[in-house]
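# Breakdown of the fold
The chain contents come next:
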Amino acid sequence: MLNADFRSGDFLALPASAGAVSGRVAAPAGQGGAAGFGALYRELNQEVSRFIEQGSGAAALSPEGRWSRAQALPSDAALSGLDAVSDAQRQAFVDEVLPLAREAAGRLGVAPEVLTAQAALETGWGRSPVRRADGSSSHNLFGIKADAGWNGEVVQAATTEFEQGQPVAASAAFRGYASPAQSFDDLARLLSGSPRYQAALGTGADARAYGSALQRGGYATDPAYADKLAQVARRIAGGGAQ
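Model, not experiment: these values are computed from the prediction.

## As for the overall build of the protein chain
- Looking only at helices and strands, one finds seven helices and two strands in the protein chain.
- Along the chain direction, N to C, the helices and strands of the protein chain fall in the order α-α-α-α-β-β-α-α-α.
- Restricting the contact set of the protein chain to residue pairs at least 6 apart, pairs at least 24 apart contribute 57%.
- Of the roughly 11,700 Å² that the protein chain leaves accessible, carbon and sulfur atoms contribute 53%.

In structure tokens:
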């Protein structure tokens, strides 16, 4: 029903030589079995190491190298491009949103920092909210879709669904609000009033338990939603948004 708003550009494509199911890199043609794989692994590891050490001034990575680098990076550094936001931008988002989260958090029995982390994950720290056709923000901080029972503003926007664990570009109807505060109010009303999300209530500061309960209820199709939410929440709890 609800989904994190990820874009196709936020995911590194698996190179053609990589196994789509296993995630292992296949041996190049002419090299067999473990020996071929080992040689390719060492080559990619050296390539990635050079790139990390030399930074953006290094030669561009190959598709295989980009994929290998993605696997080597900490998972919280690949959260849909969230790491591209500066510390100042993160802190500004938290300063704006955290006060709005407190009332809704009290109704849900969830820490305000967890709801702030959810808004950060859904909007890329406020950079990528659901937008109207004219480019203005719909103030939908949580990717809440407009179902048949919704009588308010409807905003048609691009999103990403996950089918069998893979991101797929899609278009969906989302709810529009007059203000961010209305978005928090609607989230609290939706979660507290639906039997599907009762396990999310009263989870306090446990962002993973909250996110997992939302996943089980069908809130998000991203299989890593709870993990990503927990990582963003840890970043906020560990020192504002640093």
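## Re unusual backbone geometry
- Residue W125 is not a glycine yet carries a positive backbone phi of 55°.
- Non-glycine residue H139 carries a positive phi angle of around 60°.
- With respect to the element layout, H139 can be found in the loop between helix 4 (112–123) and strand 1 (153–163).
- Accessibility expressed as a relative area gives 23% for H139, which makes it partly exposed.

## Description of the packing of helix 3 (residues 87–108) against helix 4
- Two elements in contact, helix 3 and helix 4, have axes separated by 7 Å at closest approach and are oriented at 125°. Looking at the two axes, helix 3 sits oblique to helix 4. For the element pair helix 3 and helix 4, the recorded crossing hand is right-handed. Counted together, F93, V94, V97, L98, A101, R102, A104, A105 and L108 of helix 3 and P112, E113, L115, T116, A119, A120 and T123 of helix 4 form the full contact between these two elements.
- When its residues are assigned to classes, the contact of helix 3 with helix 4 shows twelve nonpolar, two polar and two charged.

## Topic: the pattern of salt bridges
- Throughout the structure, instances matching the rule amount to ten salt bridges.
- Between R132 and E153 there is a salt bridge, and its shortest N-O distance comes to 2.6 Å. Of this pair, R132 sits in the loop between helix 4 and strand 1 while E153 is found in strand 1, placing the two residues 21 residues apart along the sequence.
- Close ionic contact of D185 with R189 constitutes a salt bridge, the shortest N to O distance being 2.4 Å. One end of the pair, D185, and the other, R189, are both in helix 5 (residues 180–193), four residues apart, so they sit about a helical turn from each other.
- Judged by its relative accessible area of 26%, D185 is partly exposed.

## Details of the nonpolar core
- If you look at the biggest cluster of nonpolar residues, it comprises 41 residues, and the most contacted ones within it are L115, Y210 and Y219.
- Counting residues per element, this core draws most heavily on helix 3, at eight residues.
- Core analysis: the second largest hydrophobic core is formed by five residues, V130, V155, A172 and F174 among them.

## Quick word on the side chain of T116
- Summarising the element assignment, T116 is placed in helix 4.
- Under the relative-accessibility criterion, T116 is labelled buried at 0%.
- Apart from the residues within four sequence positions on either side, T116 is in contact with F93, V94, V97, L98, A101 and I236.

Scoring rules and cut-offs
- Residues numbered from 1 in each chain as written.
- Predicted model: local features only at pLDDT ≥ 70, side-chain atom pairs only at ≥ 80, totals over all residues.
- Heavy atoms only, no water.
- Helix = DSSP H or I, 4+ residues; strand = E, 2+ residues; numbered from the N terminus.
- Contact = heavy atoms within 4.5 Å.
- Areas by Shrake-Rupley, 256 points an atom, 1.4 Å probe, with all protein chains shown as cover.
- Buried < 20%, exposed > 50% of the residue type's maximum accessible area, 1.4 Å probe, protein only.
- Axes fitted to C-alpha atoms, helices over the stretch in contact; angles between N-to-C directions.
- Parallel < 35°, antiparallel > 145°, perpendicular 65-115°, else oblique.
- Left-handed = near helix turned anticlockwise from the far one by under 90°.
- Nonpolar A, V, L, I, M, F, W, Y, C, P; charged D, E, K, R; others polar.
- Salt bridge = Lys/Arg side-chain N within 4 Å of Asp/Glu carboxyl O.
- Core = buried A, V, L, I, M, F, W, Y, C linked by side-chain atoms within 4.5 Å.

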